[in-house]
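Structural overview for review
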Amino acid sequence: MRTQVGIVGAGPAGLVLAHLLHRLGIDSVVLENQTREHIERRIRAGVLEHGTVDLLTEIGLAERLHKERMVHHGLELLFDGEGHRIPLTELAGREISIYGQHELVKDLVAARLATGRPLVFSVSDVAVSDRLVEYTVDGRRESLECDIVAGCDGYHGVCRPSIPAGALQVYERDYPYAWLGILARTPPSSEELIYAYHERGFALHSMRSPQITRLYLQVRPDENLDGWPDERIWTELQTRLSRRRGFHLADGPILEKGVTAMRSFVVEPMRFGRLFLAGDAAHIVPPTGAKGLNLAVADVAVLATAIADFYRGDESGLNAYSERCLRRVWRVQHFSWWMTSMLHRPPDGDPFSHRLQLSQLRYVVGSTAAATSLAENYVGLPLDWT
Ligand code: RFL
Ligand code: PHB
């Protein structure tokens, strides 16, 4: 089989890239190692930047998103028992949207299938070289020749490891904590997201819809879910989200539970020959800034334009791809690391760090300049930001 662009991975990066290319008249084949059901049920991100929504709208993929999203104009920082609202839209001129990543993936899969172009699920033993992707499907070994391979297969994918060691520089940082996340059938207890700094650890109140709440707790990196029966989760959330005046966290049946590791990770360059890495395959941010999905979309917006130029005989976009993406990647890395460090309790409970964190939080909520900086990064810098 032959195609112009072989796309490995049907997450947000791979599927949005496939659409952008289709609109530019460029053919692609998308290969995914999971089933359609699996990727459409996988609970992950929830916050879409304004620029991400604009791009999806421009390419006709946002019809259901506009009907079902929850538009937010602010968020709350909670510490010392008091909540402080950061008015995002007032400070940064843009809003954010709450829309589950799995809902977006459903929309993207449906739109891809409607084009009639290949999206192959349940592939296995994927092997990637410069311009060739080999894989097994239904017991058959297949070869896909391409001009370009897009490695959109996430952090645990095969594309990045297929690049010879030594060709990539790796930058990474692990954090001494993780997030225990739950999805609960109960209406959100607040209209906006609440990021809470508490002496027992960070907690986050988020949501997916007027009926579904998404909540997170800072836990140890090796935390075992068996030690967290539902009752303990609710008690801990109540404690960390409590405040001096008037707040009640509504509980309800827990629909999903999971522990997510926290990591900052970047490889440079995001390219090896004609293999281009995009999204989580090239970089991971801790979830505190709500940036991973948005960064994946920003990468493929740059890649699609560069590929279109390539087919017009101009390789300069492909040559500049990595550098252009990495500028945004590092800005977002810094923001995500900063939010993470400000809001999580170090495991040793170091009192010096505690005082620095409180001081930083008071500064952010007390200074319009500091709050504006948070707001500008949180709602997302423009897609063409360099
Ligand atoms: P994905 O979504 O991991 O997609 C990669 C796809 O590749 C497939 N795959 C393979 N396919 C073929 N062959 C192979 N060998 C393959 N190996 C893997 C996988 O099955 C998958 O379908 O990467 P992509 O597209 O780069 O998208 C990145 C985002 O998914 C990720 O950054 C976000 O989910 C991160 N994230 C958040 N991002 C936000 O922008 N806002 C948020 O609010 C937010 N919250 C979060 C998050 C991630 C979380 N977890 C669970 C990691 C909250 C959490 C808890
Ligand atoms: C989510 O709703 O899953 C979510 C929201 C904000 C974050 C991370 C995750 O920073």
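This structure is a prediction, so every number in the text was calculated from the model and none was measured. (Residues numbered from 1 in each chain as written. Chains lettered and ligands numbered in written order. Predicted model: local features only at pLDDT ≥ 70, side-chain atom pairs only at ≥ 80, totals over all residues. Heavy atoms only, no water.)

**Some details on empty space enclosed by the protein**
Scanning all chains against the criterion turns up one cavity of 30 Å³ or more. Estimated volume of the largest cavity: approximately 40 Å³. The wall of the largest cavity is formed by Glu-49, Lys-291, Arg-328, Arg-331, Val-332, Phe-335, Asn-377, Gly-380 and Leu-381. For the lining of the largest cavity, the element with the most residues is helix H9 (residues 316-343), which contributes four residues. In terms of residue class, the lining of the largest cavity is made up of three nonpolar, two polar and four charged. (1 Å grid on protein atoms, 1.4 Å probe; cavity = no way out; pocket = protein on both sides within 12 Å on 5 of 7 lines; lining within 4 Å. Points joined across faces, edges and corners; volume = space filled by probe spheres on them. Helix = DSSP H or I, 4+ residues; strand = E, 2+ residues; numbered from the N terminus. Nonpolar A, V, L, I, M, F, W, Y, C, P; charged D, E, K, R; others polar.)

**Section: the sheet that holds strand S12 (residues 169-185)**
Strands sit in the order S6-S5-S13-S14-S15-S12-S16-S19 across an open sheet of eight strands; the sheet is mixed. Two strands in the sheet have a free side with no partner beyond their single neighbour: strand S6 (82-86) and strand S19 (283-284). Pairing of S12 with strand S16 (residues 254-268) involves 13 bridges; the strand directions are antiparallel. Paired with Leu-183 across the two strands is Glu-256, which belongs to S16. (Pairing = 2+ DSSP bridges.)

**Regarding the site of ligand 1**
Taken together, the neighbourhood of ligand 1 is formed by 33 residues, with Glu-32, Arg-42, Gln-101, Asp-280 and Leu-293 sitting nearest. Within the side chain of Arg-42, an N or O atom sits 2.8 Å from an oxygen atom of ligand 1. Between ligand 1 and Gly-292 there is a distance of 3.1 Å, counted from a nitrogen atom to a backbone nitrogen or oxygen. Protein chains shield 89% of the accessible area of ligand 1, which is 1000 Å² for the free molecule. At the level of elements, helix H1 (12-23) and helix H8 (292-311) are the ones that each hand at least two residues to the shell around ligand 1. (Near = heavy atom within 4 Å. Polar contact = N/O pair within 3.5 Å; in protein donor to acceptor, adjacent residues only side chain to side chain. Areas by Shrake-Rupley, 256 points an atom, 1.4 Å probe, with all protein chains shown as cover.)

**Some points on the domain arrangement of the protein**
Structurally, the protein comprises domain 1 (2-46 + 100-168 + 269-345) and domain 2 (174-261). Listed by partner, the interface residues are 16 residues for domain 1 and 16 residues for domain 2. Regarding the contact of domain 1 and domain 2, the summed buried area is about 1500 Å², with carbon and sulfur atoms giving 62% of it. Taken together, the connections running from domain 1 to domain 2 amount to zero salt bridges. Between the two partners, domain 1 and domain 2, sit six residue pairs in polar contact (both at pLDDT 80 or more). The residue makeup of the side of domain 1 that touches domain 2, split by class, is nine nonpolar, five polar and two charged. (Domains from an automatic or database assignment. Contact = heavy atoms within 4.5 Å. Buried area = accessible area lost by both parts, 1.4 Å probe. Salt bridge = Lys/Arg side-chain N within 4 Å of Asp/Glu carboxyl O.)

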